[in-house]
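Structural features, examined
Spelled out, the chains give:
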Amino acid sequence: MEGQSTGGGLLNDLRHRLRTATAGFLSAEWGVELDPALITWEPPPDIRFGDLSTPISLRLAKQLRRPPLEVAGALRDGLARSGLTMIGEITSTPPGFVNVRVDPAAVATALLSEIALRRQDYGIHAPSGQKVVVEHTNMNPNKAAHIGHVRNACLGDCLVRILRRSGYEVEVQNYIDDTGAQVADVVLGFHHLGAAAPPAGVRFDHYCWDLYADVHRRFEREPELKATQQEYLHLIEQGCGEVARLAKEVAQKVLAGHLRTMWGLGIHYDLLTWESDIVRKGFWRYAFEHLREQGSLVHETEGPNAGCWVVRLRDLPGFESLENPDKVLVRSNGTATYVAKDIAYQLWKFGVLGLDFDYRFYTDQPNGHGLYSSCPPEEAEQMPVGARFGRADRVVNVIDIRQKYLQDVLRHSLRQLGYARQADNSVHFSYEVVALSPKTAQELGGDVSGEAKTVYAMSGRKGIGVKADDLLAAAEAKAASEVAQRHPEMGPAEVAGLAHDIAVGAVRYYMVRFHTNTLIAFDFDDALAMQGNTGPYLQYACARARSILRRAADSVNGCPRDPGQALAWSVAKEPFGEGVELAPVEKALVMTMADFPSKIASAAVEYLPSILAEYAFTLASSFTDFYEGAPVLSAPPSEQARRIALVAAFVQVMSNVLDTLGLPSPSVL
RNA sequence: GCGCCCAUAGCUCAGCGGAACAGAGCGUCUGCCUUCUAAGCAGAGGGUCGUAGGUUCGAAUCCUACUGGGCGCGCCA
């Protein structure tokens, strides 16, 4: 909304100036008042037309009752007179476009100085002073993670990185439902059905994957077990006794597996929030008293909700056609519904509940950041100075699209209960699920005998799905064999390390490159692909660039070995002076690199990591074109510093892009 | 029944606040490693953008209807 031109990057500034100049001219010349933000200046389909074009004349022609081309011509002349810097030739072309060509040397000089100055911060926007809480992963702690959880965590983590680069303070929370039916089922498996402890070498969460499916098979055969299931659930909810203790143990052991899996993918958290702590602390009871006092809750005495406390949603758009649009928060038996607890929890995230958790340090993480956790009062520890969890300006819940209705209920309930600002700042980051392609479903032993379907849903209860760790292992195995083939000089440990980085690159890119609206029909061959539009292709482009710099340091007089220093060194030679003619591939690379900050901004505003994924592929392709068309080491001396500068700048920008996507950036591939 | 999402090349997907020939990857075919990493590159072939209407000088993009898929609509979580 605001500050569009601050820290938005070179190209964005240019666009901003063009919009303003265009709007100014339209107003002065014809008295047409347009919001500059609505005047598009985007690259035309063919660069022969120019670097940026606007179709605004086509839109205005009718209103002005003049031929589009004539309007375009007048705009062209007007812009030419406005003295825009970094702009070269301005043209108008049929049917009525105005095109500008930038001054590539001027852009390159400014861009490379900025990259050399800001290094890993290139693409970071000015601080907004706002705090965003992002909740993602949120797995039931009762079995191993599957590929649907991986999509959640990869999208969530990528969004976190995008928001951080957009200038927000971001706190990452991972909610652990340790008192739910799913945990109860596994506890029942151990305690009531006498399941053995996992054999040595089998991870606890993997073992529970099968155990959970076993328990559900028993439920099918022995319906009377349902009563025991309820019994266990109640014992766990009450939080005392052997069963509750076992539940906590199961949850913690499974969580340890989940964390190991996610850390392996480069995903970390700031805070774990436990359902049991929300219950113990009485978040809902507290919220209920408060809401009742201020009269925003309704106690129904008749109708289908008689005896319940509800929030009225019947007048809201999207709810009016429902059979029973109001939402029950307290059942007629006095117990709270899930949404009720969620409302209290959401209020806590915004810091307006009036109650807080107790906290303790939970564990160190591989990225060096401590992970904290809510906890029972007796375990509470002093938190580091300045640590303040929650109190967000905005809350983003990363949950798949099947939760849309509940998230809508949550947001509208907040509004109806008097928290309009919090409702406005509650975001459901939704995405389509990961399902199995018919081929994959069949390989996993799913029942594909019935009517042919396009996709098959995963089912934890049936034990049908792809485990996150199995996908990672398959990717690592494939990458390892490629690495070993290409680098016979590497030892086994080095091969394994590199293979891991590549596998993570492949999996993470696969999970974020799709639009969030796209249902992923998971296929092993697609997910493990390492050629074309894939993570390893991006990593490869970066590794190749690093390789050039290594060789340049060996063969070019004075060129430093470190990429950052090489960039500073080459930029200091002022290689883009007056009259320098850039090759098309050089110019294209400059323009693409200049676009990074605005891509971060779009991805953040639209909540679409795929925008960044697409940009990453464009940037890598841009470098590959440069690589093929503009030799560096064999370039004439007059061009060599310039090309070293471009390569070094690319290494920096691509590293930043990969970091934002959460992909490792190995120096050799 | 109501609501949301999806339908674009053989396959997997971009594009969808209208506009300059509909793009990419994979797969297929033809080439390119004694010059910076061939996980690469060049080229060929492949599409009446689900169907039918409508709005517009102009529609894959906006509107309506339909068809076919996916999902959601609890005093479950």
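Residues numbered from 1 in each chain as written. Chains lettered and ligands numbered in written order. Predicted model: local features only at pLDDT ≥ 70, side-chain atom pairs only at ≥ 80, totals over all residues. Heavy atoms only, no water.

1. Some points on the overall build of chain A
Using the following cut-off: Put simply, DSSP H or I for four residues or longer makes a helix, DSSP E for two residues or longer makes a strand, and each gets a number counted from the N terminus. What the globule rule says is 2.2 Å times the number of residues to the power 0.38, and the radius of gyration is computed from C-alpha atoms. Between buried and exposed lies partly exposed: a residue is buried under 20% and exposed over 50% of the maximum accessible area for its type, with that area taken using a 1.4 Å probe on protein chains only. Should any heavy atoms of two residues lie within 4.5 Å, those residues are counted as being in contact. Accessibility throughout is a Shrake-Rupley quantity obtained with a 1.4 Å probe, and a residue counts as covered only by protein chains that appear here. Charged residues are defined here as Lys and Arg on the positive side and Asp and Glu on the negative side; His and the ends of the chain fall outside this count. Note on charges: their place is set at NZ of Lys, CZ of Arg, CG of Asp or CD of Glu.
Within chain A one finds 24 helices and 15 strands. A compact globule built from 669 residues should have a C-alpha radius of gyration of about 26 Å, and chain A, at 29 Å, falls within 12% of that. Here the C-alpha coordinates of chain A stretch approximately 85 × 70 × 60 Å along the principal axes. For chain A, with 669 residues in total, the buried portion stands at 54%. Counted over contacts in chain A with a minimum sequence separation of 6, partners at least 24 positions apart contribute 72%. For chain A, the exposed area adds up to about 29300 Å²; of that, 51% sits on carbon and sulfur atoms. Here chain A holds 66 positive side-chain charges and 80 negative ones, and the gap between their average locations is 2 Å.

2. Thoughts on the protein's contact with RNA strand B
The test is simple: For each residue, the test is whether any non-hydrogen atom lies within 4 Å of the molecule or strand; if one does, the residue is near. Definition of a polar contact: a pair of N or O atoms within 3.5 Å, with one able to donate and the other able to accept a hydrogen when the atoms are protein atoms, and with sequence-neighbouring residues admitted only if both atoms are side-chain atoms.
Near RNA strand B there are 62 residues, and of these Arg331, Arg486, Thr518, Tyr540 and Tyr627 occur at the shortest range. Taking the atoms of RNA strand B that fall within 4 Å of the protein, sugar and phosphate contribute 64% of them. Measuring from a phosphate oxygen of RNA strand B, one finds a side-chain N or O atom of Arg331 at 2.3 Å. Sorting the residues of the surface near RNA strand B by element identifies α2 (56-64), β3 (97-102), α13 (404-416), α16 (468-486), α19 (535-555) and α23 (609-629) as the ones contributing at least two each. No other element matches the seven residues that α19 contributes to the surface near RNA strand B.

3. Brief notes about unusual backbone geometry
For the peptide bond that leads from Pro94 to Pro95, omega is 0 degrees, which places it in the cis range. As for its placement among the helices and strands, Pro95 is situated in the loop between β2 (87-93) and β3. Positive phi outside glycine occurs at Arg65, with the angle close to 55 degrees. Its place among the elements puts Arg65 in the loop between α2 and α3 (68-81).

4. Considerations on the sheet that holds strand β11 (residues 370-375)
Strand pairing within a sheet occurs via backbone hydrogen bonds; the two strands may be parallel or antiparallel. The condition that has to hold: For two strands to be treated as a pair, DSSP must find at least two bridges joining them. Axes here refer to lines fitted to C-alpha atoms; in helices the fit is confined to the stretch in contact. Angles between the N-to-C directions go from 0 to 180 degrees.
Ordered by their spatial adjacency, seven strands build an open sheet running β10-β11-β6-β5-β4-β12-β13, and the pairing between neighbours is mixed. A strand with exactly one partner marks an edge of an open sheet, and here the two such strands are β10 (358-364) and β13 (426-429). For this sheet the average axis-to-axis angle between neighbouring strands, irrespective of direction, equals 25 degrees. Pairing of strand β4 (residues 131-135) with strand β12 (residues 394-398), which is carried by four bridges, proceeds in the parallel orientation. Within β12, the position partnered with Val133 by the bridge is Val395. Running at roughly 50 degrees to β10, helix α9 (residues 241-264) makes contact with β5 (169-176), β6 (271-274), β10 and β11 of the sheet.

5. With respect to the sheet that holds strand β7 (residues 298-299)
Spatially, β7-β8-β9 is the arrangement adopted by the three strands of the open sheet, whose pairing is antiparallel. Strand pairing shows two members of the sheet lacking a second neighbour, β7 and β9 (327-330), which therefore form its edges. Relative to β9, strand β8 (residues 309-311) is paired through three bridges, and the arrangement is antiparallel. Counterpart to Trp309 in the pairing with β9 is Val330.

6. Some thoughts on the domain arrangement of chain A
Rules: Note that the domain bounds reflect an automated or database-derived domain assignment. Accessible-area loss on putting two parts together, using a 1.4 Å probe and summing over both, is the definition of buried area adopted here. Here a salt bridge means any side-chain nitrogen of Lys or Arg lying within 4 Å of a carboxyl oxygen belonging to Asp or Glu. In this classification, Asp, Glu, Lys and Arg are treated as charged, Ala, Val, Leu, Ile, Met, Phe, Trp, Tyr, Cys and Pro as nonpolar, and every other residue, Gly included, as polar.
Its domain assignment divides chain A into domain 1 (10-102), domain 2 (460-527) and domain 3 (531-661). Taking only C-alpha atoms into account, the centre of domain 2 sits 26 Å from that of domain 3. Counting residues at the interface gives eleven residues for domain 2, matched by twelve residues for domain 3. Carbon and sulfur atoms make up 60% of the surface buried where domain 2 meets domain 3, a total of about 940 Å² over both sides. Of all residues in domain 2, the largest losses of buried area upon contact with domain 3 belong to Tyr509, Val512 and Arg513, amounting jointly to 53% of the total for that side. Run the count over domain 2 and domain 3 and you get zero salt bridges. Applying the counting criterion to the domain 2 and domain 3 interface returns four residue pairs in polar contact (both at pLDDT 80 or more). Tallied by class, the residues present in the side of domain 2 that touches domain 3 amount to five nonpolar, three polar and three charged.

7. What about the pairing of β10?
By the bridge criterion, six bridges tie β10 to β11 in an arrangement that is antiparallel. Residue pairing for β11: Asp358 is matched across the bridge by Cys375. What sits between β10 and β11 in their antiparallel hairpin is a turn of five residues, with Gly368 showing a positive phi close to 90 degrees.

8. Some remarks on the state of the cysteines
Filter applied, for reference: Put simply, a disulfide is two cysteine sulfurs that come within 2.5 Å.
Overall, the coordinates contain zero disulfides when judged by the stated rule. Between Cys375, a free cysteine, and Cys240, which holds the nearest cysteine sulfur, the sulfur-to-sulfur gap is 19 Å. Distance from the sulfur of Cys542, which forms no disulfide, to the nearest cysteine sulfur (Cys559) is 16 Å. A residue is classified by how much of its surface remains accessible, and Cys542, at 0% relative accessible area, is buried.

9. Some thoughts on the packing of aromatic side chains
Our working rule: Each aromatic pair joins two rings of Phe, Tyr and Trp (for Trp, the six-membered one) with centres within 6.5 Å, and gets the label stacked for planes under 30 degrees apart, edge-to-face for over 60, and tilted for any other angle. Lysine and arginine charges are scored as sitting over a ring when NZ or CZ, respectively, is within 6 Å of the ring centre and within 35 degrees of the ring normal.
Enumeration over the complete set of coordinates arrives at 25 aromatic pairs. Here the aromatic rings of Phe361 and Tyr372 are separated by 5.6 Å at their centres, their planes lie at 80 degrees, and the arrangement is edge-to-face. Note that Phe361 is positioned in strand β10 and Tyr372 in strand β11, a separation of eleven residues in sequence. Plain terms: the ring middles of Phe522 and Phe524 are 5.1 Å apart, the flat faces sit at 80 degrees to each other, and that makes the pair edge-to-face. With a relative accessible area of 0%, Phe522 lands in the buried category. Of the residues examined, Phe524 reaches a relative accessible area of 21% and is grouped as partly exposed. Of the aromatic side chains, those joined through ring pairs into one cluster are Tyr175, Phe283, Tyr345, Trp348, Phe357, Tyr359, Phe361, Tyr372 and Phe389. Seen from the ring of Trp274, Lys248 lies directly overhead, with NZ or CZ sitting 4.2 Å from the centre.

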